[in-house]
Amino acid sequence: MKRFALTLVAATLAGTAFAEYPEKPVTIVVPFAAGGPTDKVARDLAEALRKPMGGQPIVIENVGGAGGTLGATKVAKAAPDGYTLLLHHIGMATSPALYRTMQYKPLEDFEYLGLINEVPMTLIGKTALPAANYAELSKWLEANKGKINLANAGLGSASHLCGLLFQQSLKIDMTTVPYKGTAPAMTDLLGGQVDIMCDQTTNTTSQIEGGKVKAFAVTTTKRLTTPALAKLPTLDESGMKGFNVSIWHGLYAPKGTPKPVLDKVNAALKAALKDAEFDKREEALGAVIVTDARVNPAEHKKFVEAEINKWGPVIKAAGQYAD
């Protein structure tokens, strides 16, 4: 009887602790350097999460390196108490193929909290290209096999992944030129040192608006509504049926985090995604806030599993690994 009473008291105290979560600042680990697109999303989300998380500060910790795997590893090994979370992008799904040895398993070592947004990508080229639209670009690519330079922001980056799928869909091998980040890749594209690049709208929209690059298509299955991009066709409608690449962001907790805590974070996330200021900031980035079932943990995990199955064969076929 005494043991039962102690167990009941312990359970009551634990339930009370969960009910009061969060009692201190919550840290969101961003597995990339400060100032990049994922960091920007995280900092905007942190502001929107503050109120639904009881007013507690949301601290951003940048743990960059190894294509995002260092930061993800840190969270996978963190205390499962809800005070250390991970905000990661498509790398959560592509890292198993890019890195043949990792210290975590994306589908086993995390609790899924919900998808946040999707960032479309654009196919752009240097202004000197003799093509005014995608149809003309397609002909130019066919006529210049073996001579085309395709820039990307580094192995495993969004632009690298999009470029791989683009080449495989066209069945045209290009000379890929990897850079250490989007900024140097864009600099060389603007200078005409490379021909084309596929990159996020967060990085390309201002360049397109300024007429500093030529824009040929978007990588989503539906056209975009952003004024600078609204006239661009999709690659799907341009003949690459089923071509669909977007860079999404999701929120995760260490495996074993108590369900009452997970429920609180998920509820706060859903509230943040409806925050008008957050919506305004995401729209300015060219990002689309997720409003479908993937804001729920189970659907979020199912989506990531599908993405792992999608990108694994693409990366393995290219034989390009990051380790």
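See the structure above.
Residue positions are counted from 1 within each chain, in the order its sequence is given. The predicted nature of this model means local features are confined to residues of pLDDT at least 70 and side-chain atom pairs, given and counted, to a pLDDT of 80 or more, with totals for whole chains, interfaces and linings taken over all residues. With hydrogens and water stripped out, all remaining heavy atoms of the structure feed into the side-chain values.

### Things to note about the state of the cysteines
Throughout, disulfides are identified as pairs of cysteine sulfur atoms within 2.5 Å of each other. The final tally for this structure, using the stated rule, is one disulfide. Linked covalently through their sulfurs, Cys162 and Cys198 form a disulfide whose S-S length is 1.9 Å. Its S-S torsion of approximately 60 degrees makes the covalent link between Cys162 and Cys198 right-handed. Residue Cys162 is located in helix α6 (residues 158–170), and its partner Cys198 is located in strand β7 (residues 196–200); the two are separated by 36 residues in the primary sequence. Each residue is placed in one exposure class: buried if its accessible area under a 1.4 Å probe, protein chains only, is under 20% of its type's maximum, exposed if it is over 50%, and partly exposed if it falls in between. Taking relative accessible area as the criterion, Cys162 reaches 1% and is therefore assigned buried. Comment: elements are numbered from the N terminus, with helices defined as DSSP H or I runs of at least four residues and strands as E runs of at least two.

### Looking at the packing of α6 against helix α11 (residues 297–318)
Only the stretch in contact is used when a helix axis is fitted, and all axes are lines through C-alpha atoms; the angle between N-to-C directions ranges over 0 to 180 degrees. Two elements in contact, α6 and α11, have axes separated by 10 Å at closest approach and are oriented at 75 degrees. Considering their axes alone, α6 and α11 lie roughly perpendicular with respect to each other. Side by side, α6 and α11 meet where Leu161, Cys162, Leu164, Leu165 and Gln168 of the first sit next to Trp311, Val314, Ile315, Ala317 and Ala318 of the second. The classification used treats Ala, Val, Leu, Ile, Met, Phe, Trp, Tyr, Cys and Pro as nonpolar, Asp, Glu, Lys and Arg as charged, and all other residues, Gly among them, as polar. Split by residue class, the contact of α6 with α11 holds nine nonpolar, one polar and no charged. Angles below 35 degrees are treated as roughly parallel, those above 145 as roughly antiparallel, those between 65 and 115 as roughly perpendicular, and all remaining angles as oblique. Any pair of residues with heavy atoms lying within 4.5 Å of one another is described as a contacting pair.

### A word on the packing of aromatic side chains
Working definition: a ring pair exists when centres of Phe, Tyr or Trp rings (six-membered ring for Trp) sit within 6.5 Å. Plane angles under 30 degrees give stacked, over 60 give edge-to-face, the rest tilted. According to the stated counting rule, one finds five aromatic pairs in the structure shown. Here Tyr21 and Tyr83 contribute two aromatic rings whose centre-to-centre distance is 5.1 Å and whose plane-to-plane angle is 65 degrees, an arrangement assigned as edge-to-face. Of this pair, Tyr21 sits in the loop between α1 (2–20) and β1 (26–30) while Tyr83 sits in the loop between α3 (69–76) and β3 (84–88), placing them 62 residues apart in sequence. There is no split in this pair, since Tyr21 and Tyr83 are both buried.

### Observations regarding unusual backbone geometry
In this structure, the amide linkage connecting Tyr21 to the following residue, Pro22, adopts the cis form with an omega of -5 degrees. For Lys171, which is not glycine, the phi torsion reads 60 degrees and is therefore positive. Among the structural elements, Lys171 can be located in the loop between α6 and β6 (175–178). Lys171 sits in the exposed class, given a relative accessible area of 71%.

### Observations concerning the side chain of Lys126
Checked against the element boundaries, Lys126 lands in the loop between β4 (110–125) and α5 (134–143). A relative accessible area of 17% means that Lys126 is categorised as buried. At 2.9 Å, the side chain of Lys126 and the side chain of Asp195 are in polar contact. Leave out the neighbours within four places in its chain, and Lys126 touches Leu189, Gly192, Val194, Asp195 and Lys214. Polar contacts here mean pairs of N or O atoms no more than 3.5 Å apart (in protein, one a potential hydrogen donor and the other a potential acceptor; neighbouring residues in sequence count only if both atoms are side-chain atoms).

### Quick word on the environment of Glu282
Position of Glu282 among the secondary structure elements: in helix α10 (residues 276–285). Sequence separation between Glu282 and Leu161 is 121 residues; the distance between their C-alpha atoms is 22 Å. Among residues more than four places away in sequence, those in contact with Glu282 are Val41, Asp44, Asn117, Ala287 and Ile289.

### Observations concerning the environment of Leu273
Secondary-structure assignment places Leu273 in helix α9 (residues 259–273). Spatially, the C-alpha atom of Leu273 lies 7.1 Å from that of Ile116, the residues being 157 residues apart in sequence. Setting aside anything within four residues of it in sequence, one finds Leu273 in contact with Leu115, Ile116, Phe278, Ile289, Val290 and Val295.

### Describing α5
Of the residues making up α5, those classed as buried are Tyr134, Leu137, Trp140 and Leu141. Seen end-on, α5 carries its buried residues on one side only, within an arc spanning 115 degrees. For α5, exposure combined with an orientation more than 90 degrees from the buried face picks out Lys139 and Ala143. With a side-chain oxygen positioned 3.2 Å from the backbone nitrogen of Ala135, the residue opening α5 is Asn133. The arc refers to the directions leading from the helix axis to the C-beta atoms.

### Some details on the side chain of Thr84
Summarising the element assignment, Thr84 is placed in strand β3. Assessed through its relative accessible area of 18%, Thr84 is described here as buried. Beyond its immediate stretch of four places on either side in the chain, Thr84 contacts Thr27, Val29, Val75, Ala78, Ala253 and Pro254.

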